[in-house]
Amino acid sequence: MKKLLVFSATMALFGISATLSATDANAAMQASALAGWGFNDGYHFGLGARGGLDLPNNFWGGLTYLYHFGNEVISGTGTTSTWFLQAEGGYTITMMSDTRVRPFVGLGVGHTGAPTITAGGLTISNSSTDLAFTPGIAIEKDINPNTFIGGEGRLNLVSGNTAFGLYASIGIRY
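Remember, it's a predicted structure, so these values are computed and weren't measured experimentally.

**Q** Hey, could you run me through the pairing of strand 10 (residues 147-158) in this one?
**A** Each regular strand shows side chains that alternate between the opposite faces of the sheet. As defined by bridge partners, strand 9 (residues 128-144) adjoins strand 10 across ten bridges and the pair is classed as antiparallel. What sits directly across from E140, in strand 10, is G150. Relative to strand 11 (residues 163-173), strand 10 runs antiparallel, the two being bridged by ten bridges. Each residue of the ladder has a partner; that of N156, found in strand 11, is A163.

Here it is in structure tokens:
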């Protein structure tokens, strides 16, 4: 599990770095940290990172990685956890000069790690990696020209493990 988590985090950071290496000097890039709560057993408290780029005509593109620590589902058997690595696209609506609303969708992979059950010499793995689709909406407010805070709601849709989540963010724009 640790190797999978390290691999996933490395891939997310690599993707964020690739997203942030755009060459358009007029485009604003951003990187942010996310913390929130998913309302399902395999979710609960989660942390993540996002990197992205403002594209022409108010479009936005980026990558997001979220890891939810989950909870113990059956006493003594272990915990269920969930992670996502997704490309995201959205449309930025500027409400005031320092406030943005961005409806977005994400598409990528989602992994649910569940306890392995062993009974009568038979071992059953309850973990799976599936296609993940996430519609959501984010709100960002500048606290100075290069730093923002925000919040978002997202519906994480993964085969057999769907949850609504609320997240807070803090990030930088450059």
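**Q** Would you explain the nonpolar core in this entry?
**A** Judged by nonpolar contacts, L34, Y43, L66, F84, A132, V158, A163 and Y167 together constitute the single largest core of eight residues. Once you skip the residues sitting within four places of it in the chain, A132 turns out to touch F84, Q86, G106, L107, G108, V109, G110, L157 and V158.

**Q** Help me understand the pattern of salt bridges, please; the structure alone is not making it clear to me.
**A** It is possible for side chains of opposite charge to pair when their charged atoms get near one another. As enumerated under the stated definition, the model contains nine salt bridges in all. Note that R154 is salt-bridged to E152, the shortest N-O span being 2.8 Å. On the basis of relative accessible area, E152 is assigned to the buried category, the value being 6%. Shared partners join several salt bridges into a network, and the residues in it are R50, E88, E152 and R154.

**Q** Looking at this model, I keep getting lost on empty space enclosed by the protein. Mind explaining?
**A** Sizing a probe to match a water molecule and rolling it over the atoms shows the empty space that remains. Applying the stated rule across the entire model yields one cavity of 30 Å³ or more. Looking at the largest cavity, its volume works out to about 40 Å³. The wall of the largest cavity is formed by L34, R50, A138, I139, E140, G150, G151, E152, Y167, A168 and S169. Broken down by secondary-structure element, the contributors of at least two residues to the lining of the largest cavity are strand 9, strand 10 and strand 11. Grouping the constituent residues of the lining of the largest cavity by class yields five nonpolar, three polar and three charged.

**Q** Is there a simple way to explain the packing of aromatic side chains in this structure?
**A** Ring pairs (aromatic) are described by centroid distance and by the angle formed between their planes. Here the structure, examined in full by the defined rule, presents six aromatic pairs. Each ring, one from Y67 and one from F69, has its centre 5.0 Å from the other, and the planes form 80°; the classification is edge-to-face. Look at F69 and you get partly exposed, because its relative accessible area is 41%. Taken together, the ring pairs connect F45, Y67 and F69 into an aromatic cluster. The lysine or arginine in question, R50, covers the ring of F104, its NZ or CZ lying 5.7 Å from the ring centre. The ring of Y167 carries R154 above its face, with NZ or CZ at 5.9 Å from the centroid.

**Q** In this structure, what is going on with unusual backbone geometry? I would like to understand it.
**A** A negative phi angle is the norm for most residues apart from glycine, just as the trans form is the norm for most peptide bonds. Non-glycine residue H44 carries a positive phi angle of around 55°. Relative to the helices and strands, H44 is located in strand 2 (residues 44-54). Phi is positive for N57, close to 60°, though the residue is something other than glycine. The topology assignment puts N57 in the loop between strand 2 and strand 3 (59-74).

What counts as what
- Residues numbered from 1 in each chain as written.
- Predicted model: local features only at pLDDT ≥ 70, side-chain atom pairs only at ≥ 80, totals over all residues.
- Heavy atoms only, no water.
- Pairing = 2+ DSSP bridges.
- Helix = DSSP H or I, 4+ residues; strand = E, 2+ residues; numbered from the N terminus.
- Core = buried A, V, L, I, M, F, W, Y, C linked by side-chain atoms within 4.5 Å.
- Buried < 20%, exposed > 50% of the residue type's maximum accessible area, 1.4 Å probe, protein only.
- Contact = heavy atoms within 4.5 Å.
- Salt bridge = Lys/Arg side-chain N within 4 Å of Asp/Glu carboxyl O.
- 1 Å grid on protein atoms, 1.4 Å probe; cavity = no way out; pocket = protein on both sides within 12 Å on 5 of 7 lines; lining within 4 Å.
- Points joined across faces, edges and corners; volume = space filled by probe spheres on them.
- Nonpolar A, V, L, I, M, F, W, Y, C, P; charged D, E, K, R; others polar.
- Phe/Tyr/Trp six-rings, centres within 6.5 Å; stacked < 30°, edge-to-face > 60°.
- Lys NZ or Arg CZ within 6 Å of the ring centre and 35° of its normal.

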